[in-house]
Amino acid sequence: HNADKGEFKHYMLKEIYEQPDAVARTIEMAIDNGVTSKLREDFLQRHETQLAGIRNIQVIACGTSYHAGMVAKYWFENLTRLPCSVEVASEFRYRNPVVVDNSLVICISQSGETADTLSALRDTQKQTPVGLVSLALCNVPTSSLVRETDIFLPTLAGPEIGVASTKAFTTQLAALMLLVLKIGVTQSRIDNERLTTLLGELQKLPGQLFASLHLDAAIKTMSESFEDKKSCLFLGRGLQFPIALEGALKLKEISYIHAEGYAAGELKHGPLALVDKDMPIVVLAPKDSMFDKLKANMQEVHARHGELFIFASESSKMVAEDRMHVVYVPDVCETLAPIVYSVPVQLLSYHVAVMRGTDVDQPRNLAKSVTVE
Ligand code: G6P
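Everything numeric in this text was worked out from a predicted model, so none of it was measured.

A.B. asks: Please set out the overall build of the chain residue by residue, giving values where relevant.
C.D. replies: Across its full length, the chain holds 13 helices and ten strands. In terms of overall dimensions, the chain is globule-like: its C-alpha atoms have a radius of gyration of 20 Å, near the 21 Å expected for 373 residues. If one aligns the C-alpha atoms of the chain with their principal axes, the spans along those axes are about 55 × 45 × 45 Å. Per-residue burial over the chain gives 50% buried out of 373 residues.

A.B. asks: Quick rundown of the site of the ligand? Include the residues and the values.
C.D. replies: Neighbouring residues of the ligand: 16 residues in total, closest G63, T64, S109, S111 and T114. With three residues, helix α4 (residues 63-80) is the single largest residue contributor to the shell around the ligand.

A.B. asks: For the packing of helix α8 (residues 167-186) against helix α9 (residues 192-213), give the residues involved together with the corresponding values.
C.D. replies: The interhelical angle for the contact between α8 and α9, taken along N-to-C directions, is 165°, at an axis separation of 12 Å. On the basis of their axis angle, the class for α8 and α9 is roughly antiparallel. Here the hand of the crossing between α8 and α9 comes out left-handed. Contact residues: A174, M177, L181 and V185 in α8; L195, L198, L202 and L205 in α9. Split into classes, the residues belonging to the contact of α8 with α9 amount to eight nonpolar, no polar and no charged.

A.B. asks: If you had to explain the packing of α4 against helix α11 (residues 241-255) to someone new, which residues and values would you point to?
C.D. replies: Contact geometry of α4 with α11 gives a least axis separation of 9 Å together with a crossing angle of 170°. Between α4 and α11, the interaxial angle falls into the category roughly antiparallel. Touching T64, H67, M70 and V71 of α4 are P242, L245, E246 and L249, all from α11. Classifying every residue of the contact of α4 with α11 by side-chain character gives five nonpolar, two polar and one charged.

A.B. asks: Could you give an account of the sheet that holds strand β7 (residues 258-263), with specific residues and numbers?
C.D. replies: Spatially, the five strands line up as an open sheet ordered β7-β6-β8-β9-β10, and their pairing is parallel. Every interior strand has two partners, whereas the edge strands, β7 and β10 (324-329), have only one. Adjacent strand axes in the sheet meet at a mean angle of 20° when their direction is disregarded. Sheet topology note: the strand β6 (residues 231-236)/strand β8 (residues 280-285) ladder contains three bridges and is parallel. Across the sheet, residue F234 finds its bridge partner in β8, namely V282.

Reading the values: rules and limits
Residues numbered from 1 in each chain as written. Predicted model: local features only at pLDDT ≥ 70, side-chain atom pairs only at ≥ 80, totals over all residues. Helix = DSSP H or I, 4+ residues; strand = E, 2+ residues; numbered from the N terminus. Rg over C-alpha atoms; globule rule 2.2 N^0.38 Å. Buried ≥ 20, exposed ≤ 12 C-beta atoms within 10 Å, placed from the backbone. Near = placed C-beta within 6 Å. Axes fitted to C-alpha atoms, helices over the stretch in contact; angles between N-to-C directions. Parallel < 35°, antiparallel > 145°, perpendicular 65-115°, else oblique. Left-handed = near helix turned anticlockwise from the far one by under 90°. Contact = placed C-beta atoms within 7 Å. Nonpolar A, V, L, I, M, F, W, Y, C, P; charged D, E, K, R; others polar. Pairing = 2+ DSSP bridges.

In structure tokens form, the structure reads like this:
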């Protein structure tokens, strides 16, 4: 495999850098370059009748794919008003869950072979609810998951070798947004104005992802502060909460530093007790509707001598001060910001891991595809 890495030291870094192209390919499934008034006619065309009938969405996934599902829940409920639940497959399959009639069951999986996700899917099918539609959001067209579902929505990430998922995650998010739009338009739940805005924003995404890769050097410098740390917190609110969870997962997977992702509004209910000068706190702080609330959360942490590492939008006017480091992420619309903010947390965990000398592409005790329970 070595040759395939090209100029990159690890597959993970190469895959992080492939994201602008991978996301561009994925959105081209549904969007004609320059056209912002409508989705491509051939996008999920065969499944329009099925998608028109769904009244509820259930997402099932594991690991990083589960975090993509969490973002999708915010999108589905906010943009289409269809109820959406998200659950890790290993819990869903063993608790005898209710699958209501006319549900769309979305299984998100890079590999399409994750044992728990497949079993959870089969369990929903056994319940035979009326109008059940199953969809695989998957990176491997020949996988078991794709064979066993009604609809296949591909992520066109290309092969992902690094155990820690990167480009599969951002392409899952891009494809999920396309699905939200398709269902919203099919059921007249998204109006033309909103559609035009989001299609325009989606077309800017590859460029914004590319611009976020320019933060690499600044994030590498930032990562030096994490090398000797034992534990770390990631904070976000709203659409950035799942990205906080994903940032924490990435850091623990490849650098072996204990990390927790938290909804910043929950600080007072526990994690604030952990905060001291040795606890780095990473904050995802785009200038969005939650920004002022998040700023108050950051002040709470700062007042308790926590050291803040903030990813903020250029327009937020956050300035660095003592124990408060700021890296500016390109401005991006609130809805799509979780896709762009994935990049800095990936780069951060990557550089911390390299500094600590771990096996970045094959972290100890973990497997790329978990085909046994
Ligand atoms: C493993 C991988 C993760 C991945 C998870 C789910 O834990 O190391 O990167 O997110 O499985 O895999 P899937 O193929 O179902 O997305």
